[in-house]
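So the chains spell out like this:
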Amino acid sequence: MHTETETAAGQQRAGGRWISHWEPEDPHFWQTRGRRVANRNLWASIFAEHLGFSVWSIWSVLVLFMTPENGFTFSAEQKFLLVSAVTLVGAMLRLPYTLAVPRFGGRNWSIFAAAVLLVPTAVAMVLIQRPETPFWLFLLLAATAGLGGGNFASSMANINFFFPERSKGWALGLNAGGGNLGVPAVQLLGLAVIAAFGLGEARLLPIAYLPLIAVAVWIAWRHMDNLAGARSDAAAQIAVCRDRHSWIMSFLYIGTFGSFIGYGFAFGLVLQNQFDRTPLEAAAVTFIGPLLGSLSRPVGGWLSDRFGGGRITLWTFAAMAAGTAVIIAASVQASLPLFLAGFVALFLLSGIGNGSTYKMIPAIFAAKAEDRIAAGVPRGEATAEAKRLSGALIGIAGAVGALGGVAINLAFRESFASAGSAVPALVAFLAFYVVCIAVTYAVYLRRPVRAERPVTAAAA
């Protein structure tokens with residue numbers, strides 16, 4: 001056990017270690033002890049979340065194996081519906097996963113959340129060998145992979161409590177980016193399976209993750225801690241829902257994370273249906289976009305720490321709109337190189353936007369806390385409330401944002417069913433990014449008419 005973990009009377013609870021005193025905003029505490037403990041929990045959290053994303057997105061790879069040669073007769077529309085269902089379950093689980101951290105402790109919940117990934121992984125191993133399974137049952141069982149999507153919310157809410165305000169952008173970006181790397185990782189492993197063993201050995205992909213999940217459980221048990229002062233409860237989620245910024249930020253996160261996870265699930269299928277790529281040809285390029293999007297997420301947090309989350313988010317959406325226009329042109333011209341270039345750029349930008357929007361959330365509530373302090377509220381009380389509310393919003397925004405991934409896959413499904421092309425769906429995405437540009441500018445960057453201090457100044 002770690003010597004820095006406190007087990008003061010009243011703070012030692014059944015099932016794990018609890019730290020009773022945590023003051024990351026105190027420079028002395030942070031330098032002498034806090035940074036070391038926070039970073040240890042961060043790296044353990046990243047690994048577990050990484051596997052969560054891999055399990056969540058495993059069907060984005062397995063659908064490439066579901067060919068007539070392997071006995072599968074599912075249509076393209078059914079495959080898009082399959083990945084939409086998995087995305088939906090992951091999105092819906094993010095709210096209860098956020099509440100679980102203060103209830104059970106970040107360490108304890110990380111152990112459970114990692115261990116439960118064994119279920120959808122084993123299910124995937126069996127299903128991919130059973131093409132005779134009725135589609136409705138196949139859909140129902142495969143949707144258990146959504147358990148991996150819930151890990152993101154609990155991991156982010158937990159890490160949010162460990163770091164001081166000045167470091168949240170980088171820490172949250174690194175945590176989320178490392179987790180997001182699970183998407184290209186499972187796609188790369190899928191590519192390796194296809195190249196080395198052929199389309200008939202898809203079961204090897206989920207099998208490879210079973211021992212990794214066991215390792216993640218051990219790491220969480222050995223290297224993570226619970227914070228006794230962490231609070232992000234149902235009351236906080238209800239309270240934060242009354243704030244208009246909660247819904248604005250959730251809307252913007254649909255455009256950033258929804259794009260990342262939605263395109264990550266759909267990219268291979270789009271290539272197969274738009275450009276008639278083989279499973280191997282599709283798998284050979286699908287990992288590139290999610291990889292760059294994952295790596296760019298910490299960059300988005302870092303840029304936001306320096307220049308403001310609002311500014312980075314605005315320019316990100318502008319670039320995403322331009323990238324979507326390029327993809328539309330490439331689809332019309334049937335230019336695969338231009339299509340790939342546009343999509344890779346879109347992934348890269350979505351990662352930057354993920355980092356910038358998540359930086360904006362704690363910054364908004366930190367600014368509100370300063371207003372309360374100026375009005376006479378004790379600093380400790382105002383700061384604690386800000387962290388409580390920002391942690392609650394991280395869970396809500398994560399859930400709503402993931403629903404954007406559902407919408408993207410359903411849009412592609414309808415687009416191919418009605419027009420035989422991705423173009424109608426892409427036009428809708430372009431229009432949505434334009435709306436996001438307008439909202440970001442109007443709420444977080446436009447100078448206020450009245451000479452009052454805007455509570456969102458820190459976010460911009």
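All of the points below concern the structure found in this document. (Residues numbered from 1 in each chain as written. Predicted model: local features only at pLDDT ≥ 70, side-chain atom pairs only at ≥ 80, totals over all residues. Heavy atoms only, no water.)

A short note on empty space enclosed by the protein
Moving on, step 1. Summed over all chains, the structure comprises two cavities of 30 Å³ or more.
Moving on, step 2. In this structure, the largest cavity is lined by 13 residues; those nearest its centre are Ala 48, Ser 110, Asn 151, Ser 154 and Ser 155.
Moving on, step 3. When contributions to the lining of the largest cavity are tallied by element, the ones reaching two or more residues are helix H1 (27-56), helix H5 (106-115) and helix H8 (147-162).
Moving on, step 4. Here the residues of the lining of the largest cavity sort into five nonpolar, seven polar and one charged.
Moving on, step 5. For the second largest cavity, the calculated volume is near 50 Å³. (1 Å grid on protein atoms, 1.4 Å probe; cavity = no way out; pocket = protein on both sides within 12 Å on 5 of 7 lines; lining within 4 Å. Points joined across faces, edges and corners; volume = space filled by probe spheres on them. Helix = DSSP H or I, 4+ residues; strand = E, 2+ residues; numbered from the N terminus. Nonpolar A, V, L, I, M, F, W, Y, C, P; charged D, E, K, R; others polar.)

Side note on helix H14 (residues 279-286)
Moving on, step 1. By the burial criterion, the buried members of H14 are Pro 279, Ala 282, Ala 283 and Thr 286. Projected down its long axis, H14 carries its buried residues within an arc of 95°, all on one side.
Moving on, step 2. Elements in contact with the buried residues of H14: helix H2 (58-65), helix H10 (182-197), helix H13 (244-275) and helix H15 (288-307). (Buried < 20%, exposed > 50% of the residue type's maximum accessible area, 1.4 Å probe, protein only. Arc of directions from axis to C-beta. Contact = heavy atoms within 4.5 Å.)

Remarks on the packing of aromatic side chains
Moving on, step 1. For the structure on display, the rule yields 34 aromatic pairs.
Moving on, step 2. Each ring, one from Phe 251 and one from Phe 432, has its centre 5.1 Å from the other, and the planes form 55°; the classification is tilted. Of this pair, Phe 251 sits in helix H13 while Phe 432 sits in helix H19 (residues 423-445); the two residues are 181 residues apart in sequence, bridging distant segments of the chain.
Moving on, step 3. Judged by its relative accessible area of 23%, Phe 432 falls in the partly exposed class.
Moving on, step 4. Judged by centre distance (6.3 Å) and plane angle (35°), the ring pair of Phe 343 and Phe 347 falls under tilted. Of this pair, Phe 343 and Phe 347 both sit in helix H17 (residues 336-374), four residues apart, which is roughly one turn of the helix. (Phe/Tyr/Trp six-rings, centres within 6.5 Å; stacked < 30°, edge-to-face > 60°.)

Here we look at the pattern of salt bridges
Moving on, step 1. Within this structure, the stated rule accounts for seven salt bridges.
Moving on, step 2. One salt bridge connects Arg 203 with Glu 201, and the closest N-O pair in it is separated by 3.2 Å.
Moving on, step 3. A relative accessible area of 31% places Arg 203 in the partly exposed class.
Moving on, step 4. A salt bridge links Glu 370 to Arg 379; the shortest N-O distance between them is 3.2 Å.
Moving on, step 5. The exposure class assigned to Glu 370 is partly exposed, which follows from its relative accessible area of 34%. (Salt bridge = Lys/Arg side-chain N within 4 Å of Asp/Glu carboxyl O.)

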